[in-house]
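Given next are the chains, with one letter for each unit.
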Amino acid sequence: MRTHPALGILRDVCAWLVVLLFVFPIFWWVLASFKPYTAIFNTTPVYWGFEPTLDNYRVTLGGVSRLSLVTDEGAAGTVAGGGSSYYSIPSIIDSVVVALGSTAISIVLATLCAYGLSRFRFRGQQPFVFWILSQRMMPPIAIAIPIFFMFRDLGLRDTHLGLILAHTLINLPIAVLLMKSFLDDIPADLDQQAMIDGATRWQTFWLVVMPLVKGGLAATAVLCFIFSWTEFLLSLQLTSQIRTIPVKISTFVTSTGTEWGFITALGSAALIPSFIFIVLVQKHLVRGLTLGSLKD
Amino acid sequence: MPVVVLLVVFGVYPLLYSVWLSLQERSRVTRQFEFVGLKQWEIALTDPRTWDSFQVTLTYTLVCLFFQVVLGMAIAMLLDTERRGYGLLRSLMTLPLVVPPAVTGLMFLLMEDAQFGVLSYYLKQLGIIDPLNPILAGNDTALIGVMLADIWQWTPFMVLIFLAGLRALPKEPYEAAAIDGASAFQAFRMITLPLLTRVIAVAVLIRSIDLFRVYDYVYVMTSGGPGTQTETLSFYAGRLFTLANFPYAAALALIVLISLNVIASIFIKLFKVRF
């Protein structure tokens, strides 16, 4: 369609404004993580002119005691309390272990289940698929309550394995539907040809189908990882010793004050893996988020 | 398929357990659960706090949904072009989606702080908010403050879906419409909207399910306050869980589940959504 050049420029300006407006909170957040105490708590917004500091990262990631940070006219050291409770490397490890574990289990189970759903027809299949979807409607708190008791009885409360299983439970329905939609794209003829050539069902699955579905597999894995990485409610209710990053960050909000420097530092660090993964699988992202429902 | 067994164990068991739990009561004397039938349900359905939180949840869902759909559609149409730099813009637009919701809540908590929040500062400058009335502590503004976080995080999701939908549209009807002298708005209303109905319906369905269960933003931003102004059903259930009133929390959570199932089923029938 032909458009007036001025209209095109107007469109550019609007588009940039809107997008920058949406990126601004992240920008502001990351900026705050490099600010000294006084610049964060300034009554007028501070964009420049402050001395960038890594203190917030040194406390949350480096294990430096906050009391040793007597800089900034002593402001950072004025609140009583040790620095150790802000040291978050163990939380990061917890999050990585849980996210990787639940991603791995989700992927293996979901792929097998999706392959079955995609290649075999059985009675009650449609209701079954719909039932998997309806799992997503369960409010997380409704899941948290029974799991809480189940884990207590099984001794899984406050263990990595317990949290991995809980996250797997949340990821599985999405992962199954997603893998099914990717597997449906691969013609079943290929399977049959392979089997005519003498391959077993397992060989067909492993040597013929899996290489073709690699992209979809990666996208599903990334989404599982991100869902687990960002999950809050179950991690909060099911653990007290193991603290995943979102839960750990929320503990920095205390009744005596909110440690914005540490919150923004750890929050910024927590964004990095998700950003990297999203960039890697961006073209599959839409299908992932909509459970493949936009397929033609 | 062993996977089916596993899904049943993890999918059906918690549900049945919730139902069973919701029929119990924790005895004050023995600290044991006792069967009391539908008592918890009766309490839940006559508790004014349930209905308050139901109303909050509904308001939250509808308002957020409205802004996410309208903004999402407008921004998707704005970005749906092959002009220079728009690929980058589309990528940047997806950034909010990977921020953990708990962190998003904190982001907006920081920005809406009464003393040093950047958003509060500009809104004060513009005279939109009363300097003496902090956003998240005001009876009228607290819920809006929480909804802002949700709208920020999930509008990009709508943009992504609508962009994918717009990409799949045929070009011919627009050419025909242009020849017939239709305005851009007419073309949008008569061609784009009808062709995108299914896409919009799916997006609205998925988003409603999540909105109706909102928990994270409320937890980190207001904890339901001031008073119970921002207490959603999920959050109320979570609070009861924390107070160890498990049977009542289970009954409430099941009410959320049932409401959602009813709404979603009607919706799926109405718009013939197929997955």
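Criteria and thresholds
- Residues numbered from 1 in each chain as written.
- Chains lettered and ligands numbered in written order.
- Predicted model: local features only at pLDDT ≥ 70, side-chain atom pairs only at ≥ 80, totals over all residues.
- Heavy atoms only, no water.
- Helix = DSSP H or I, 4+ residues; strand = E, 2+ residues; numbered from the N terminus.
- Buried < 20%, exposed > 50% of the residue type's maximum accessible area, 1.4 Å probe, protein only.
- Salt bridge = Lys/Arg side-chain N within 4 Å of Asp/Glu carboxyl O.
- Axes fitted to C-alpha atoms, helices over the stretch in contact; angles between N-to-C directions.
- Parallel < 35°, antiparallel > 145°, perpendicular 65-115°, else oblique.
- Left-handed = near helix turned anticlockwise from the far one by under 90°.
- Contact = heavy atoms within 4.5 Å.
- pLDDT = per-residue confidence, 0-100.
- Buried area = accessible area lost by both parts, 1.4 Å probe.
- Polar contact = N/O pair within 3.5 Å; in protein donor to acceptor, adjacent residues only side chain to side chain.
- Nonpolar A, V, L, I, M, F, W, Y, C, P; charged D, E, K, R; others polar.
- Phe/Tyr/Trp six-rings, centres within 6.5 Å; stacked < 30°, edge-to-face > 60°.

### Let's talk about the environment of Leu100(A)
All names here are of chain A.
Logical step 1: Checked against the element boundaries, Leu 100 lands in helix 4 (residues 89-119).
Logical step 2: Exposure remark for Leu 100: the relative accessible area of 48% places this residue in the partly exposed category.
Logical step 3: Leu 100 sits 120 residues away from Thr 220 along the chain, and the two C-alpha atoms are 13 Å apart.

### Quick notes on the pattern of salt bridges
Residue and element names in this part refer to chain A.
Logical step 1: Per the counting criterion, the structure on display carries ten salt bridges over all chains.
Logical step 2: Asp 153 serves as the salt-bridge partner of Arg 152, at 3.9 Å between the closest nitrogen and oxygen.
Logical step 3: Taking the relative accessible area as the measure of exposure, Arg 152 reaches 46% and is therefore partly exposed.
Logical step 4: Looking at Asp 153, the relative accessible area reads 59%, which means it is exposed.
Logical step 5: Between Lys 180 and Asp 184 there is a salt bridge, and its shortest N-O distance comes to 3.0 Å. One end of the pair is Lys 180 and the other is Asp 184, both in helix 7 (residues 160-184) and four residues apart, which spans about a single turn.
Logical step 6: Judged by relative accessible area, Asp 184 falls into the partly exposed class, the value being 32%.

### What to know about the packing of helix 7 of chain A against helix 10 (residues 214-230) of chain A
Residues and elements named next belong to chain A.
Logical step 1: The N-to-C vectors of helix 7 and helix 10 enclose an angle of 160 degrees; their axes lie 10 Å apart at closest approach. It follows from the interaxial angle that helix 7 and helix 10 lie roughly antiparallel. Here the hand of the crossing between helix 7 and helix 10 comes out right-handed. Contacts between helix 7 and helix 10 involve His 167, Asn 171, Ile 174, Ala 175, Leu 178, Met 179 and Phe 182 from the first element and Gly 216, Leu 217, Ala 219, Thr 220, Leu 223, Cys 224, Phe 227 and Ser 228 from the second.

### A short note on the confidence of the model for chain A
Logical step 1: For chain A, mean pLDDT is 81; residues scoring 70 or higher make up 88% of the total.
Logical step 2: Long-range and interchain partners of residues 71-83 of chain A, a stretch whose pLDDT sits below 50, account for 21 contacts in this model, where long-range means more than four residues apart.

### Thoughts on the interface of chain B and chain A
Logical step 1: The partner chain A presents 77 residues to the 86 residues of chain B that form the contact.
Logical step 2: Approximately 7,500 Å² of surface area, both sides summed, lies buried where chain B meets chain A, with 80% of it carried by carbon and sulfur atoms.
Logical step 3: Where chain B meets chain A, there are one salt bridge.
Logical step 4: Among the ionic pairs, Arg83(B) bridges to Asp12(A), the shortest N-O distance being 3.0 Å.
Logical step 5: Viewed at the interface, chain A and chain B are joined by eight residue pairs in polar contact (both at pLDDT 80 or more).

### So, the packing of helix 2 (residues 39-46) of chain B against helix 12 (residues 246-271) of chain B
Residue and element names in this part refer to chain B.
Logical step 1: Interaxial distance between helix 2 and helix 12 falls to 9 Å at its minimum, and their mutual angle equals 65 degrees. By the angle class used here, helix 2 and helix 12 are roughly perpendicular. As for how helix 2 packs across helix 12, the hand of that crossing is right-handed. Every residue of helix 12 that contacts helix 2 at Gln 40, Trp 41, Ile 43, Ala 44 and Leu 45 is listed here: Pro 247, Tyr 248, Ala 251, Leu 254, Ile 255 and Ile 258.
Logical step 2: Each residue belonging to the contact of helix 2 with helix 12 can be placed in one class, and the counts come to ten nonpolar, one polar and no charged.

### Some remarks on the packing of aromatic side chains
Residue and element names in this part refer to chain B.
Logical step 1: Scanning all chains against the criterion turns up 26 aromatic pairs over all chains.
Logical step 2: On the numbers, 5.7 Å between centres and 70 degrees between planes, the contact of Trp 51 with Phe 54 is edge-to-face. Taken together, the positions of Trp 51 and Phe 54, both in helix 3 (residues 48-79) and three residues apart, correspond to about one turn of that helix.
Logical step 3: A relative accessible area of 43% places Trp 51 in the partly exposed class.

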